[in-house]
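Spelled out, the chains give:
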2 protein chains.
Amino acid sequence: MYGRYTQELGVYAREEAARIREDGRHRRFISERSPSIKLLEYEKGRCVKCRTQKWMYGGLDSNVILQYLAWVTYPVVLISFSAGFTHIVAPQAAGSGIPEMKTILRGVVLKEYLTLKTFVAKVVGLTCALGSGLPLGKEGPFVHIASLCAALLCKFMSFFGGIYENESRNIEMLAAACAVGVGCCFAAPIGGVLFSIEVTSTFFAVRNYWRGFFAATFSAFIFRVLAVWNRDEETITALFKTRFRLDFPFDLQELPAFAVIGIASGFGGALFVYLNRLIVQFMRKQKTINKFLMKKRLLYPALVTVLISTLSFPPGFGQFMAGQLTQKETLVSFFDNRTWTKQGMTEDFNYDIHSAAWKHPQANVFVILVIFIVMKFWMSALATTLPVPCGAFMPVFVIGAAFGRLVGESMAAWFPEGINTDGTIYPIVPGGYAVVGAAALSGAVTHTVSTAVIVFELTGQISHILPIMIAVILANAVAQSLQPSIYDSIIRIKKLPYLPELGWGHHEKYNIRVEDIMVRNVRYITLNSTYRDLHEILLIANLKTVALVESAESMILLGSIERAQLQALLSQHVGRERRLEFIRDAERKRVSVVSTPSSEEGGPKVNHEVRFQISTEESSITPARPISPKPLKPALKRTSTAEKNIEIPTSNITHSLTYSSVEMFAPDFRPLKRVRISVLIEEWEEQQLDEQVNFNNCKIDPAPFQLVERTSLHKTHTIFSLLGLDHAYVTSIGRLIGVVSLRELRKAIEGSMTVKGVKVRPPLASFRDSGTSGTSSESEATELHKLWDRHSGLSIPREQQPNASDSDDKSQ
Amino acid sequence: MYGRYTQELGVYAREEAARIREDGRHRRFISERSPSIKLLEYEKGRCVKCRTQKWMYGGLDSNVILQYLAWVTYPVVLISFSAGFTHIVAPQAAGSGIPEMKTILRGVVLKEYLTLKTFVAKVVGLTCALGSGLPLGKEGPFVHIASLCAALLCKFMSFFGGIYENESRNIEMLAAACAVGVGCCFAAPIGGVLFSIEVTSTFFAVRNYWRGFFAATFSAFIFRVLAVWNRDEETITALFKTRFRLDFPFDLQELPAFAVIGIASGFGGALFVYLNRLIVQFMRKQKTINKFLMKKRLLYPALVTVLISTLSFPPGFGQFMAGQLTQKETLVSFFDNRTWTKQGMTEDFNYDIHSAAWKHPQANVFVILVIFIVMKFWMSALATTLPVPCGAFMPVFVIGAAFGRLVGESMAAWFPEGINTDGTIYPIVPGGYAVVGAAALSGAVTHTVSTAVIVFELTGQISHILPIMIAVILANAVAQSLQPSIYDSIIRIKKLPYLPELGWGHHEKYNIRVEDIMVRNVRYITLNSTYRDLHEILLIANLKTVALVESAESMILLGSIERAQLQALLSQHVGRERRLEFIRDAERKRVSVVSTPSSEEGGPKVNHEVRFQISTEESSITPARPISPKPLKPALKRTSTAEKNIEIPTSNITHSLTYSSVEMFAPDFRPLKRVRISVLIEEWEEQQLDEQVNFNNCKIDPAPFQLVERTSLHKTHTIFSLLGLDHAYVTSIGRLIGVVSLRELRKAIEGSMTVKGVKVRPPLASFRDSGTSGTSSESEATELHKLWDRHSGLSIPREQQPNASDSDDKSQ
C-alpha cells in the first residue's frame, strides 16, 4: 500500500508540476489584467485535484479499505495544510472575506486584511481547501482576493503618484474589485456587480456602478475566453448552460410550486445562518474543547474533514447521497432538463454518468435527494466554520438546487403527463425547479435579490425569470424577518466594527437621541495648551483625531487635528533634532565655563525625570482635561484599556522620547558626563514641555462633523452610514459637549433592537416615553423653552446686553 | 369620402367602446394593484389604434390620395388632441417625466408634477400620442405615471395615518414606482430596477433595492399574466422573444464587430442628444417662429406630424424605410435570427409579412436600412420635442436595432459561409447584432449600462451577454465623454433645480470654498424678535425655513423654524380668534362707556394702517435684519424677484390679515362704528405686533445642517447630494455667517465646469490659485493662524480671561 501511495503521490506531483507550468504560461500573457486572472487558476487547479482524487479512488477499485483511506487522507491532508498555512502566514485570511470587505467599504480601516501576506495565504489556502472536495464555496474568497489585488495594485500605483493617492479612490477601487470577484467566480458580470453592491454597501454611489460593470465584464470575459483558448469550450457560453425549452418554459399553474420553493428556502436559509452561528458559539463556549483545540489547531479541521469525507464515501453512506459527484457535477445533474422519476416521460434516466449517481437499486430518488439535502445542510454549515479560506455561497447554492429538484421531481411525479394547457401538453421541467431553488436558497442565506441575476448568467437562460424573481423575493422576505444574513452574522461573531442596520420599518419608534449615547468626557486641546498637555493626550487617549477648542471655559469647537499631526508637532519641538541642538549648545557652554557646577541642584530634576518616566502610570495627576470634574474618569471609556496596553501602541511617543534621551548619548559621552548632560536635558525638556503649543504649521480640519444633542438615533445612523464617519462631535451652540463614535452608535442600536422578543433600550431613553408620541418631525423639533433653559443654563461668559432696543443697533 | 370617413370613425368608436369595456373588466378584478395595471391599458389601446389605422389604410387600397389623407389625418388628429388636452389640463405632463422624477427624487419638491390633473393629462395624452404611430416612446411617461400613482396612493393612504405620513417614506415609494414604470413597460423587472436607479439616483440606499424589485416583479408579472388571460400568449414569456441558437451564439472573431457597434452607437447617441437639444434651442431662439407658435400652439405638433407621416407614407417614400411597420413589428423583424441578404444561407427571406417590408424591388436591403436609420434618427429627435407625453427610449432602441442589423447583415454578406471554427461552420446571426445595437444605442443616449439587462429580459435570451456588455460599456464611454444624457440635457433645457454632477476625475482641482458661494445676507429671527419682525420676514423672504439666532449681536445659530410654523405663530397672535376676542372686549367696553371718545386720536392710527397696508412696498424701511449694514441689499438674492412677485405666494399672511381685518366686521357693524372699531383694531394690531414673539409652542429644528466657510465645493456637493439638502447654514464657531442653497451650489458648479473648453470660475476663487496646489486633504485643512486671526477678528463680546493658569480651573 505504501508503494502505491507513493506512486500516487508521484503522479500527483507530476500533475501538479504540469499545472504550475500551465499557470506560468497563463501568467505570462495575461499579466496586464492580474486581478481577474489570478482567480482563474483555482478553477483549474481544483479540477486537476478533483480529478486526482477521482483517479485515486478509481484506481483502488479492488480494496474498499484502501479506497476509503485514499478517499479520506486526501482531503484531510489538504485541509490541514490549508488551515496550517493560513494560520502561520496570515490568520485573517481564513473565512469568507465578504464581511471584512463590507466593513472596509463602510470606511473602517482594517489594514491587516489587505496585505500581501493575506493575499498569499488566501490564494494558497483557498486552492487547497477547494481541492479537498468538502462543501466549501469560493465566491467570498474570490471577492477578498480581488480586493487584495486592487489594494496591492493601488499601493503599487501610488508610487507613481496621481489619482491613486486619494483615499476615496481606493474605496472605489475596492468596490469595483468586489464586483470583479463575484463576476469572475460565476462568469456573471451583471449579477456580480449587483451581488457585490447588495452584500457590501449600505448606500451606493451610482457613479461607481459603471466602473464595477466595466471591471466585472472584462474579468468575466477573460475568464470565459481562457476556457475557449484552452479548448474546453467552443465559444463563450455560460458556465452551467441549461437547455430548457424556450417556447413554453413553465405553466402558470406551476407558479404556486415555485412560491412554495421560495418560502421553504426562506426558512431554510434562516436555519442555515442560525446553525452556522450555533456551531461557532458552541465551539467557543465549551471551554475544555476550546482550550484543547487552541493547542492543537489542526485537529478540528482534520476531525471535521474526516467526518464529512467518511459520510460521503461512495461505497459507504455516500451511495445514498451521490457522494462521488463534485459540486460542479452535482449542479450539472440538477440543472438537467429531463426528469429522473420513472413515472415521467423518460424512462431511461441514467443516460449519463452524473445522473446515474442519483439512481440507487434500493432507494427511491426522492429518498436520496432528501438525504442529500439533510446531510449537505449540516455538513456545509459545519464546513464553513473551518479556519480555512472558504465561502458559503456555493454549498448553499447546491443545496437549494437539490431542494428545487426535489420539488420538481415531485411535481413531475404528480403530473406525469405534464400540465394540460389549450390542448398542448408540456411535461414538467424539474431542472427549472432546481434553478429556482438554487437562486432562492442562496438569496435567503445572503439576503440578496441578485442571486436571480447570477442564476440567469450562470445558466445562460432567462426564461424562468418570473418564477425565480418571485421565489427569491419570498425567500428574502421570510429569511430577513428571521435571521441576519450570513455575512452580518459573521460580522457579529467576529465583532467587526460595523454598524448594524436599523430595524425594519419601526425606526420611527426609536426615541433615542445623541445626548443619550454620546461620551461627554471628550479629550481635547485648547489654543493655549502646552506641549505637556499634547504629550499626555497622545499618551492617554487612543484617538485618531483630537478636538481643538478655543479654551476650556468657552469650549467653542474650532476644529480637529489628526493624531499624526500632533505627534509631528511634539517631535518637532522636543525631538531628536532640537535635542541635539540643545546638547551642542550645552557642550559649548560647558567648554567655556568648565568649572561651573550644574547651575541648579539636580535633585528636583531627577524627581522630574522620574515623574516623566512614570507618567504613563501617573497620568491621572494632570489628566488631559476631561470635561467632567472627576479627573480619573477614563476618556472615551477606552482609557482603562488604553492604560493597560499603554506599552503597545499608544505610547510610541514616550518610548521614542525616553529611548532617545537615553540612547543618543551613549556613543558620545562618558557615564559621568552623561548624567550631568541628561540632567540638563531633562531640565530643558521640562521647559520645552511647559511652552505653549505653536499650532502655526499644523493642519487643522476646520469642519469636523458635528451633531447636536437632540439629533435622533435614526438620523445619526443615516449620516454615519452615508458619509462613512468614524466619529462626530456633538456641539451645542458651538460648544463641544460630547463625541459619538461608531462604537457608541453600534451599542445603542444593538441595545434598542429586539433581542429575543424583549426590547432592550439605553437607560436614558426611557424617561422620554410618556411625552413624545408624535410623528418623527415632531419628535425631532424641540420646544424653545427647553432650548432656552439649556442655553441660559450654560455659562458662556458674555456681556449681558439689554434685550430692548435691538431694532436699532443691529449693525454689528 | 366624407361618408367613408364617418363610417370609419363609427368603426373606430365601436372598437374604442369595446376597449373601454374590456378595460373596465380588467379594472374590476385587479384593483388591488393599480399602479401597474393602469399602465397596461395603453399597450392595448395603442394596438387597437394601430390596427384601426392599418385597416383604414388597407381599406382605401384603390385610391392613393385617399390613402394618403387617411394616413396623415389620423396621426395629426391624435397628436393635436394629445397636445391640446395636455396643454389645457396640465402642461407639465408633456415630455418624458424622467428628468422631473430625477429632480424630485433628489429631494426638490415639484408638487405640480404629482397631481391628479397631471395624471389624467399624462394618461390621455400618452395614449393618443402612442396611437399616432410617430416614433415616440413610452418608458419615460410610464415612469411618470407610476410615480403619479404612487404619490396619489400615498396621499390617499395618509388619510389613514401611519407610515405614509413620513416624507422620506414617500421618496422611497417614488423610487419603487420608477422601477415599476420601467419594469412593466418592458416586462423587465430587473432591468427596470437598475435602469430606474441609474437614471434617477445619485446615491442609492440599498435597503430600497428590495422594495423596487418586489414592486417591479409584480408589475411585470401582472403585465404578462394579462397577456396569457387575453389568450395572446400561451404562457408567460418575453415580450420580444428571440430564438437564437444556444450552443454557439457567436464566435470570438465576431467580437470586433460588436465593439464597432458599441463605439459607433456611442457617437450616435451623443449626436442624438445634441440634435434633440439643438432643435429645442433653435425653436426657442427664432423669436418670430416662437411668437407665432406660442399663439397657435397646436400648429407645431400638427406640422411635425404631417412631415413625419408624409415621409413614412408606404406608397411614397415610406417604401424605402418600411413605413408601414409599427415600432413593435420593426423590432420583431430586426430580432429575427435569419439573414435577409441573398448571399446568406437562406434565399427566401420574405417568409413573413414583417420581413417582407425590408425587401424592395429597386433597392438593396442595405440601402433601405441606411435610409431607415437616417430618417428615423432625425424624425425621433424631432418628434420627442413635441409638447405631448412621450419618451425617447423606444425610438432610439429601434434605431439602434436597425444599426445593429445593418452591421449584422454586412457581416453575413462578408462571411456568407459563416465563420469557421474547428471544422463546424456556424452562419452569422444578424438578429444578435440587432440586439447588441439596440442595447448600445439606448445605453449611449441614456448613459446607462442596464439597457443590457433590459434587452435580456425583453428578448428572453441571455446568450449574447458578453458582446452586449462590451458594446454597452464602449457606447457609454464614448457618449459620456461627449454629451450629457438625454435626461440631463432635458433638465438643463427645462432649467429644473437639479445639481449637475461634478466633472469626471478632476474634482481635486476645484478650489472653491463655501465662503465663495454662500449668501452672506441671511434672513433670520432672534430670540427677542417682535411679531412685526416675523411678519416682515415672512413678507419679504420666500424661504422654506428661517434661521433662529440667539441675538443680532452674537449671531449664534440656535436652530431653524419652518415657514408654516412662523405663520402659525403669527396668526395665533394676531389672527381671527384673538381679533374677535378683542372686538368682543372692545364692544363690552364700548357698551359700558358709550359716550367716551375713542381713547386716542385716530389720525396716526390711519397712518399706521396705511403703513401697514403698503408695507409690502415699504419693507426696506425695517428690513428683516440683514447682517450686512446695507439695509436694501436683497436677502438670498431672491428678494428682488420676491418683491416683484410679492402678490403671488409670499404675502399670504398679509393678505389674509388685511382681508380679515376688513371683511370680518361687515356683517356685524354699521359703517360709522366700523371705522371706529377698525381704528381700535389697528391700534391693537400695532400693539400686538410690537410684542416679543413667544416661541414656546413653536417647533424648532435644533440641528439644521451646518457647513463651515472653508468646506470645499466638492464636499458640499457630496453632502447635498447624499442628504438631499435644499440649503445649509454656514457657521463660523457657532455664529451664523451665511447660507448656501441648491441654487448657489448649482451656479458654482456650472460656473466652474468647462464650458466649451474655457474654464469659467467664480470670481472669488481665483485669488487662491497661487498658493494651494497640494492634495485635497491639505487644501481642506487650514492653518491655525488664519483661523485664529479670523476668530479674534470677530467681535464676540466675551470676557478676556487670562490665558495662564488654565490647567487648574478647567472644571467648568
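The name given to chain A in an unreviewed UniProt entry is Chloride channel protein, with Cyprinus carpio carpio as the source organism. Among the UniProt annotations of chain A, the heading Subcellular location (unreviewed entry) holds the following wording: "Membrane".

Asks: How should I be thinking about the sheet that holds strand β9 (residues 727-732) of chain A in this particular structure?
Replies: The strands making up a sheet are joined through hydrogen bonds of the backbone, oriented either antiparallel or parallel. All names here are of chain A. Strand order across the open sheet formed by three strands is β8-β9-β10, with mixed pairing between neighbours. Of all the strands in the sheet, just β8 (706-707) and β10 (735-741) have a single pairing partner and so form its edges. Bridge count for β8 against β9 is two bridges, and the pairing is parallel. In the sheet register, Gln706 faces β9, and the bridge partner there is Tyr729.

Asks: What am I meant to see in the sheet that holds strand β8 (residues 706-707) of chain B here?
Replies: If you walk across this open sheet you meet the three strands as β8-β9-β10 (chain B), and the pairing is mixed. Single-partner strands in this sheet number two, and they are β8 and β10 (735-741) of chain B.

Asks: Can you walk me through the environment of Arg523 of chain A in this structure?
Replies: Examined against the element boundaries, Arg523 of chain A turns out to sit in the loop between α21 (514-517) and β4 (524-526). Distance in space between the C-alpha atoms of Arg523 of chain A and Leu538 of chain A is 9.9 Å, their sequence separation being 15 residues.

Asks: In this structure, what is going on with the pairing of strand β5 (residues 545-549) of chain A? I would like to understand it.
Replies: As a general feature of sheets, a regular strand has side chains that alternate between the two faces. Residue and element names in this part refer to chain A. Taken across its five residues, β5 has five buried, putting it largely inside the fold. A two-sided burial pattern is seen for β5, the buried positions comprising Thr545, Ala547 and Val549 on one face and Val546 and Leu548 on the other. Pairing of β4 with β5 involves three bridges; the strand directions are parallel. Bridge pairing in β5 links Tyr524 to Ala547.

Asks: Looking at this structure, I do not really get the UniProt feature "transmembrane region" (unreviewed entry) in chain A. What am I missing?
Replies: Residue and element names in this part refer to chain A. When the UniProt feature table is mapped onto this chain, "transmembrane region" (unreviewed entry) is found at residues 142-161, 173-197, 209-229, 255-277, 298-317, 365-386 and 393-415. Structurally, residues 209-229 comprises 100% helix and 0% strand, and the distance from its first C-alpha atom to its last is 30 Å. Annotated as 100% helix and 0% strand, the span residues 255-277 places its first and last C-alpha atoms 33 Å apart.

Asks: Any chance you could explain the packing of aromatic side chains here in plain terms?
Replies: Here a ring pair, both rings aromatic, is described through the centre-centre distance and the interplanar angle of the planes. All names here are of chain A. According to the stated counting rule, one finds 28 aromatic pairs over all chains in the structure shown. For the pair Trp210 and Phe214, a centre-to-centre distance of 5.9 Å together with 10° between the ring planes defines the contact as stacked. Residue Trp210 and its partner Phe214 are both found in helix α9 (residues 206-229); the two are separated by four residues, about one turn of the helix. Judged by relative accessible area, Trp210 falls into the buried class, the value being 15%. Taking the relative accessible area as the measure of exposure, Phe214 reaches 33% and is therefore partly exposed. Seen from their ring centres, Phe393 and Phe397 are 5.8 Å apart, and the 20° between their planes marks the pair as stacked. Placement of the pair is Phe393 and Phe397 together in helix α16 (residues 393-414), with a separation of four residues, close to one helical turn. Its relative accessible area of 2% is what places Phe393 among the buried residues. The class for Phe397 is buried, based on a relative accessible area of 1%. A connected cluster of aromatic rings, assembled from ring pairs, spans Phe186, Phe195, Phe335, Phe393 and Phe397. Sitting above the plane of the Phe223 ring, Arg224 keeps its charged end 5.8 Å from the centroid.

Reading the values: rules and limits
- Residues numbered from 1 in each chain as written.
- Chains lettered and ligands numbered in written order.
- Predicted model: local features only at pLDDT ≥ 70, side-chain atom pairs only at ≥ 80, totals over all residues.
- Heavy atoms only, no water.
- UniProt positions renumbered as here; feature names shortened; annotations may be inferred.
- Pairing = 2+ DSSP bridges.
- Helix = DSSP H or I, 4+ residues; strand = E, 2+ residues; numbered from the N terminus.
- Buried < 20%, exposed > 50% of the residue type's maximum accessible area, 1.4 Å probe, protein only.
- Phe/Tyr/Trp six-rings, centres within 6.5 Å; stacked < 30°, edge-to-face > 60°.
- Lys NZ or Arg CZ within 6 Å of the ring centre and 35° of its normal.

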